[in-house]
Amino acid sequence: HFFVLPFFCIMAQTILSQLREKGVEDMTVSYSRWTNDGIRGKVDTDAKPSGKLGGKSGFRQLSDFINEGGRLYPVSDNRCFYSGNGYNTISGTTVRISGAYSRIVSYDMAYGIPNGFRKNKSLLSPSYFGQVFSDISANYSAAGIEGVSLGDMTSALYGDYGKKNISRGMSAQMLKEGLAKTDDALENGILANTANAYVLPYVSRISNVPMSSGGFDIFDEDIPFYQMVMHGLIPMSTRAVNGSAEPEKLVLEAAVTGCSLNFDMIYEEPSELKDTELDTLYYADHRWWTDTAADLYKLLSPIISDVSGSCITSYQKDGNIITAEYDSGTVIKADLANYTIEHNGRLYQLDMEDLQIKVKG
């Protein structure tokens, strides 16, 4: 189970305490924007907790609390950046095939035009990957931090077509070398925010795994190919349940394919994020989701534990019924229309009025 917590350490601990009190015993926590550099969008490798968030003592308290029954992966996402810390948006920016600097433009979703109120970020040149990963490995290890989430670095591949002349293949090799170094340096390794195939040997866990296709009209059916290939090899979680347009369907698909659930949670009223880079977290108010997250955890835990080390050998869809068979002999079935899950002779009913759980049988 994965949670993104972009605010104060004490507030993050409050959310986690509520979940633990409600029976959530095993959590993998991804904590974003926990350093001043991360908050400001600069290249973030120093592993220095922000004083605004409680500083080293507050971060250590949070880390110790999480480690009592889970694992912490602070986020260091350096794919896009603003100038600072020795990284310049001219020399440090990748160059497109057109010869232009690669800028990350924020768009106004209502009108589909660039948002003139937000400064564009730059795309970090792959030539700096070695330095970034070396610094993360050394600084996180020295700070006693046992894991790291690298954000989009595990799912984005691009070259630098300026004077550095770095192809996508060369970029992938640079990434693999950096990831291997980081994985070796940290006890809990790397939490990947989705993972392309070339990074799989170097990551310990994967979050935000897609449960469906993009839904284009040309597609007849969705097949959980990623889960069928990867299940039983690396622990995985879904995209955020509370950020999904169809949370009930996501939960049922996760149960069948043996994926843990992911929730985004913030402590403050989401309206505080209006007109900021984090305004997309409008759905993440923890007060509305801790009960549901705990109920779904208790529902899915025995199912996921039963198949955690097993591979999917068969997946079928018959109308609204989806069924997965595992090499252990376990069969899990879900009815997408009636919101039920069958596992080991038990029938679980999801009450979709408030995502509460009823168990039958």
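Above this text is the structure in question.
Residues numbered from 1 in each chain as written. Predicted model: local features only at pLDDT ≥ 70, side-chain atom pairs only at ≥ 80, totals over all residues. Heavy atoms only, no water.

Caption draft 1: Here's a closer look at the pattern of salt bridges. According to the stated counting rule, one finds ten salt bridges in the structure shown. Across the salt bridge formed by Arg287 and Glu269, the nearest N and O atoms sit 3.0 Å from each other. You can see Arg287 sitting in the loop between strand S13 (260–264) and helix H8 (290–307) and its partner Glu269 sitting in the loop between S13 and H8, a full 18 residues away along the chain. Residue Glu269 is classed as partly exposed on the basis of its relative accessible area of 37%. Look at the salt bridges and you will find they share partners, linking Arg33, Lys121 and Glu277 into a network. (Salt bridge = Lys/Arg side-chain N within 4 Å of Asp/Glu carboxyl O. Helix = DSSP H or I, 4+ residues; strand = E, 2+ residues; numbered from the N terminus. Buried < 20%, exposed > 50% of the residue type's maximum accessible area, 1.4 Å probe, protein only.)

Caption draft 2: Representation of the environment of Val148 in the model. Among the structural elements, Val148 can be located in strand S9 (residues 147–149). Taking the C-alpha atoms as reference points, Val148 and Val229, separated by 81 residues in sequence, lie 24 Å from one another. Apart from the residues within four sequence positions on either side, Val148 is in contact with Tyr73, Pro74, Ser76, Ile136, Tyr140, Thr182, Leu186, Gly189, Ile190 and Leu191. (Contact = heavy atoms within 4.5 Å.)

Caption draft 3: Summary view of the layout of surface pockets. If you add up the space inside the largest pocket, you get close to 1600 Å³. As for the largest pocket, its lining consists of 44 residues, and the residues nearest its centre are Arg33, Asp152, Glu277, Leu278 and Thr280. Residues that form the lining of the largest pocket fall into these classes: 14 nonpolar, 14 polar and 16 charged. Looking at the second largest pocket, its volume works out to about 420 Å³. (1 Å grid on protein atoms, 1.4 Å probe; cavity = no way out; pocket = protein on both sides within 12 Å on 5 of 7 lines; lining within 4 Å. Points joined across faces, edges and corners; volume = space filled by probe spheres on them. Nonpolar A, V, L, I, M, F, W, Y, C, P; charged D, E, K, R; others polar.)

Caption draft 4: Looking closely at the pairing of strand S2 (residues 27–31). Most of S2 is tucked away, with five of its five residues classed as buried. Neither face of S2 is open: one carries Met27, Val29 and Tyr31, the other Thr28 and Ser30, and all of them are buried. Both S2 and strand S3 (residues 70–74) contribute to a ladder of five bridges, which runs parallel. Residue Ser30 lies in a different strand from S3, and its bridge partner there is Tyr73. (Pairing = 2+ DSSP bridges.)

Caption draft 5: Broad picture of H8. With 18 residues, H8 should reach 26 Å at 1.5 Å per residue; the first-to-last C-alpha distance of 25 Å fits that figure. The principal kink in H8, of about 40°, is found at Leu300, preceding the proline Pro302 by one to four residues. In terms of residue burial, H8 counts as a mostly covered element, since 13 of its 18 residues are buried. (Expected span 1.5 Å × (residues − 1). Bend = angle between axes of the 7 residues up to and from the residue.)

Caption draft 6: Representation of the packing of helix H7 (residues 247–257) against H8 within the structure. Where H7 meets H8, the axes come as close as 9 Å, and the angle between the chain directions of the two elements is 20°. One way to sum up the angle between H7 and H8 is to call them roughly parallel. Between H7 and H8 lies a crossing of right-handed hand. The segment H7 lies against H8, with Val251, Ala254 and Ala255 engaging Leu296, Leu300 and Ile303. Its residues placed into classes, the contact of H7 with H8 shows six nonpolar, no polar and no charged. (Axes fitted to C-alpha atoms, helices over the stretch in contact; angles between N-to-C directions. Parallel < 35°, antiparallel > 145°, perpendicular 65-115°, else oblique. Left-handed = near helix turned anticlockwise from the far one by under 90°.)

Caption draft 7: Broad picture of the sheet that holds strand S5 (residues 103–104). Strand order in this open sheet of three strands is S4-S8-S5, and the pairing throughout is antiparallel. At either end of the open sheet lies a strand with only one pairing partner, and these are strand S4 (80–81) and S5. For S5 and strand S8 (residues 121–123), the ladder comprises two bridges, and the chain directions are antiparallel. Bridged to Arg103 within S8 is Ser122.

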